Structures are given as C-alpha cells and as structure tokens.
Amino acid sequence: MTQPTFSTHLGMVDILPDETPKWQKLEQIIHEEARKFNFEEIRTPILEQTELIARGVGELTDIVTKEMFAFERGDDHYVLRPECTAPVVRAFVEHHLDQRGGSQKLYYIGPMFRAERPQKGRQRQFHQFGAEILGADDPIADVDMIALMMSIYNRIGISNTTLKINSVGDPESRKAYKNALKDYFRPKLDQLSDISQKRFENNPMRILDSKEEEDQPFIEDAPIITDFLNEATAAHYTEVKNHLDSLGISYEEDPHLVRGLDYYTRTAFELISPDLGAQDALGGGGRYDLLVEEVGGQPTPAVGFAAGMERLLIACEELDIELAEPKSVDIYIVTIGDNARKWALKHLPKLRNADISATMDYIGRSVKAQMKDADRENARYSIIVGDNELKKGKFTLRNMKESEEQALDFDAIIKKLSDQ
RNA sequence: GAGCUUGUAGCUCAGUUGGUUAGAGCGCCAGGUUGUGGCCCUGGAGGCCGUGGGUUCAAAUCCCAUCAGGCUCCCCA
C-alpha cells in the first residue's frame, strides 16, 4: 500500500470520517451565529469567469498572477474560485439583489482554491466561511460584521486572539499616502530587500507588510496612512474604533496592516492567533467600496470578512478544544442465526422511526465479534437476538456501559430508549 | 519560485560500522468463553523498506535522480 494507484493532487486533502464530525459541528455553529445576526446564506459556483477574479481581486495580486487554477473550454475561461467575495458581488449584481431593498447581509461556507506551496495551515483546496454586507456605508456595519466573526470564535472557545485594525483609506487618501511613501522610500531604495524594491513600483504599501529583516528599520520610521486620511475617512475610522470600544471588543491598531487584495478601502482588519505558526491569520476582511462598481454594478459600499476553517480547526487542536462528541449509536443489534438477522432487518426501521439510531452486523460475524464491534461503535445498548429470544418474544437488552442486561419485549425496548 | 528536512506494516516508530528468512507497540482478524464487548493470554494476516537507476560478492542502510510529505521564505485563510 506504499504506492497507491491514485492519490490526491498536491495540496488537496481528504477529510476522513474521523474528521467530518468536527467539520459538521463547525458548520452548524457558523449557520447558527449567522442566523442570530440575520445573515442569509448564499451559495455560488466553484467555477467563475477568470476575468471576474482578475478584475475583482486585482491583476497584480499574487493570487491572480500565479495562484489560479484556470483552464479554458472553447471560448470560455474558467477559474476555480480563490476567494468568495468577488463571486458574491457578481451574484449580487447579476441578480439585482439590491432590489430586495435595504442592505444585503450574506454569508457563505465553501472550498476555495489557490495553487500555492502547501504547508501547515495552507492547502491548495481549503475552506472558508465569510460574510458580506452590501449597501451599507455606516461604521456600524463594519463593526457588526466584526462582531459576527468574533462571536463565532468566542462560541468555539478560541479567545486568545488579536484583532488588528487599520484604515487603508479611500482612493483620495490612498493616493496622497502612496506618494508620501514613495518619497520616503525612494532615497533608501537600494538598501531595501529585493522584494520590497519590486513592490516600490507596483504597490508601495506592501513594503510595510515585509518580514525581511533589512526592511524593518525603514518600515518603523515610514509615514503611516492614518496621517493621510481625509476628514471623512478619518471620521469613519474613528467611529469604527468607538463602536468596537462600546461593544467591548478589544483590538490593536496596526498602521502597517495592508490586506493582500486590491479591492479593500478604508476599514481593514485581521484576526491573528498565536497557535498557528507561520500562517497565523485566522481571518480578515474590510471594506471594499469600489468592488461592486468594478464588477459592473451601481456604486455600492460594502464590507466583509473571510476566515479559514482549516486554521480554525488547527487552533482548536492546539487549545485542546473538542468540537465534536465521539461517535456513538444508540442500539447495536447482535444476531445469532439467520432468523435473527431477518428479524433485525425488519426491526431496525422501527427503532429509527422512533429517532433511535441503530445498526447491525452485515457480515455474519460471531457474537463475540459483534459485541466487539458494538463496543467499537460506542453503542449505548446492544440487543441480543437468537432463537430463544424469538421464541419468547423477549430480547436481551444490554447496557454496554453498565454491563447490565434485562429481557424485554420489543415495544418495551423502544419505550425505554425513547424516554431517555 | 527558493531553502531545510523526512519517506521502513493501517498508525507511531526501531533497525547498530552495508552481511543470511526486516522488527516493536497500537490497530485489525481468530482462538482461550459450546450465544456476549472493554482487561489478560495465545496465534495469525499485513512490508520487493516511496519510485527508478548506480556502487558492491552483498543495500532499508552508500551515491544520483525522481515523486510525495513536513517546516520555512514569499503570500495569504
């Protein structure tokens, strides 16, 4: 078995039966919290037009330049979605969701694809949940959005996180800031890392994100964007902070926080966990007031976040948080002989209809092997059925944990289990 | 795209300076209990030692290549 005929592609991971319960639980929590906040679920296709992602996410971003799974069929250009904000916005515009009135509060859960080098907390197919509010400019929207994100982590018990916030400005502020940044870095250009020198032309704000040792002293003294915000944008940012304070959500201002995607404006935030190693971002988001228009809709202010589910589950593991209960089944019917097997098949539905989970052996194992299987399946009770029991109409109900048995007729068994 | 590192049973790992039929624990299957689990005892199945090539009388062990995993850089979830 060391050389299976087929295996997953690089960075593609099977989620096996031992893992799925915690995924189901996580999804359930996301649905429940989203409902409390009155967000509605949206499900968009895995495949989108390449042009949508290129325009939406940004032509020069790493995602678009080197991480897309893209292919063509005839004249159509397909891409496996690398994130879900652009698709949600596409759906919003395509189906005129603004006509539903008010602001739209949407959330999603699903797989995303980026062709990066895998490592801990990074796969090529990974899963995100996220939410978007379309059509609201008010800082209250930003903060309620963050509150939804935080409430999911809090409910799970991941509380040792740091929320970093910043304002990356509106186009006007950003232009002024970029010029100031360039003026600042230009004379020092040859002392910066190679990577940062490249960023200087494309996206000077990214230099602030650099982790290169040699860049750090320059970054420390660089001008910060919050000094360049125009009045309206500064006021918006201040209100976001005030609202966070009033909700008791603690945060750290990080003037160097720059999000990776081009569409972000004004509020930017990121949730960091110390339990994740190199990939320490649990989730992040911000405003993208220009994206709807970029994708062909009416100018519509919007804010959202996306969070990585694998990373959330890694954090759970580090913190010894058990999301899901161990597997179990209410009843395991142990059969002796063919008549008993037929009896079991007929009576399983009656148990299940009474909302009692039940199973039996399919492969004709010995009683001992069936008992062992019942134990392995973590059965609460076993019912032992043989010719004696069939003749008397009384079946042996064994409490697996207490190792106690009693003879009951079938209706009594159903009643006993239903009452618990 | 780059660096480091690992690759022996389903899982976690031992395998000494290259030397006969490759080991352990757990798991799996069976027996010890003729109709009964978890503990214990006994036995069994399961590996061309990631793959391909090379060095050698002899390779899991040395060399090269390749594939895959892990970690890191980059970037992000």
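Residues numbered from 1 in each chain as written. Chains lettered and ligands numbered in written order. Predicted model: local features only at pLDDT ≥ 70, side-chain atom pairs only at ≥ 80, totals over all residues. Heavy atoms only, no water.

Thoughts on the sheet that holds strand S2 (residues 47-49)
Working step 1: Strand order in the open sheet formed by three strands is S2-S4-S3, and the pairing between neighbours is antiparallel. What marks the edges here is a single partner per strand, and that holds for S2 and strand S3 (70-73). Across the sheet, the axes of successive neighbouring strands diverge by a mean angle of 40°, strand direction being ignored.
Working step 2: Looking at chain direction, S3 and strand S4 (residues 76-80) are connected through four bridges and run antiparallel. Pairing of Glu 72 across the sheet is with His 77, part of S4.
Working step 3: Against the sheet, helix H2 (residues 50-57) contacts S2, S3 and S4, and its axis sits at roughly 75° relative to S2. (Pairing = 2+ DSSP bridges. Helix = DSSP H or I, 4+ residues; strand = E, 2+ residues; numbered from the N terminus. Axes fitted to C-alpha atoms, helices over the stretch in contact; angles between N-to-C directions. Contact = heavy atoms within 4.5 Å.)

Re the domain arrangement of chain A
Working step 1: For chain A, the domain assignment lists domain 1 (20-170 + 230-318) and domain 2 (329-419).
Working step 2: Put simply, the middle of domain 1 and the middle of domain 2, counted by C-alpha atoms, are 49 Å apart. (Domains from an automatic or database assignment.)

As for the side chain of Glu 33
Working step 1: By the element assignment, Glu 33 lies in helix H1 (residues 20-36).
Working step 2: The class for Glu 33 is buried, based on a relative accessible area of 5%.
Working step 3: There is a polar contact of 2.8 Å between the side chain of Glu 33 and the side chain of Lys 36.
Working step 4: For Glu 33, the residues in contact, after removing those within four places along its chain, are Leu 148, Ser 151, Ile 152 and Arg 155. (Buried < 20%, exposed > 50% of the residue type's maximum accessible area, 1.4 Å probe, protein only. Polar contact = N/O pair within 3.5 Å; in protein donor to acceptor, adjacent residues only side chain to side chain.)

Details of the sheet that holds strand S10 (residues 281-287)
Working step 1: Spatial ordering of the open sheet is given by S1-S5-S6-S11-S10-S9-S7-S8, a layout of eight strands whose pairing is mixed. Every other strand in the sheet has two partners, leaving strand S1 (40-41) and strand S8 (252-253) as the edge strands with one partner each.
Working step 2: Pairing geometry for S10 and strand S11 (residues 302-308), over five bridges, is antiparallel. Bridging across to S11, Gly 283 finds its partner in Ala 307.

Details of H2
Working step 1: Within H2, six of the eight residues are buried, which leaves it mostly tucked inside the rest of the structure.
Working step 2: Among the residues of H2, those classed as buried are Thr 50, Leu 52, Ile 53, Ala 54, Gly 56 and Val 57.
Working step 3: The inward-facing, buried residues of H2 abut S2, helix H3 (62-66), S3, S4, helix H4 (85-94) and helix H10 (291-294).
Working step 4: Looking at the residues trailing H2, positive phi occurs at Gly 58, about 125°.

Re the pattern of salt bridges
Working step 1: Taken as a whole and judged by the stated rule, the model has 29 salt bridges.
Working step 2: One salt bridge in this structure joins Glu 19 and Lys 22, with 3.2 Å as the shortest N-O distance.
Working step 3: Look at Glu 19 and you get partly exposed, because its relative accessible area is 32%.
Working step 4: Here the residues in one salt-bridge network are Asp 137, Asp 142, Arg 266, Arg 287 and Asp 289, joined through shared partners. (Salt bridge = Lys/Arg side-chain N within 4 Å of Asp/Glu carboxyl O.)

Things to note about the packing of helix H5 (residues 139-156) against helix H9 (residues 231-247)
Working step 1: Two elements in contact, H5 and H9, have axes separated by 9 Å at closest approach and are oriented at 45°. As the angle between them shows, H5 and H9 are arranged oblique. The element H5 and its partner H9 pack so that their crossing is right-handed. For the pair H5 and H9, contact is made by Pro 139, Ile 140, Asp 142, Val 143, Ile 146 and Ala 147 and by His 236, Glu 239, Val 240, His 243, Leu 244 and Leu 247, respectively. (Parallel < 35°, antiparallel > 145°, perpendicular 65-115°, else oblique. Left-handed = near helix turned anticlockwise from the far one by under 90°.)

Here we look at the confidence of the model for chain A
Working step 1: Of the residues in chain A, 97% have a pLDDT of 70 or more, and the chain-wide mean is 90.
Working step 2: Within chain A, helix H7 (residues 194-202) has the poorest average pLDDT of any element, 74, and S1 the best, 98.
Working step 3: Complex prediction metrics read pTM 0.91 and ipTM 0.85. (pLDDT = per-residue confidence, 0-100.)

Quick notes on the environment of His 236
Working step 1: In this structure, His 236 sits in helix H9.
Working step 2: The class of His 236 is buried, set by a relative accessible area of 5%.
Working step 3: Linking His 236 and Thr 359, residues 123 residues apart in sequence, is a C-alpha distance of 59 Å.
Working step 4: If near-sequence neighbours (up to four positions away) are discounted, His 236 is found in contact with Asp 137, Asp 138, Pro 139, Asp 142, Arg 266, Thr 267 and Arg 287.
Working step 5: At a separation of 3.4 Å, a polar atom in the side chain of His 236 contacts the side chain of Arg 287.

Section: the packing of aromatic side chains
Working step 1: Tallied over the full model, the rule gives seven aromatic pairs.
Working step 2: Ring centres 6.3 Å apart and planes at 45° place the aromatic pair Phe 129 and Tyr 153 in the tilted group. One end of the pair, Phe 129, is in strand S6 (residues 125-134); the other, Tyr 153, is in helix H5, with 24 residues separating them in the sequence. For the residue pair Phe 129 and Tyr 153, the accessibility class agrees, reading buried in each case.
Working step 3: Ring centres of Tyr 184 and Phe 185 lie 4.9 Å apart, and the angle between their planes is 70°; this geometry places the pair in the edge-to-face category. (Phe/Tyr/Trp six-rings, centres within 6.5 Å; stacked < 30°, edge-to-face > 60°.)

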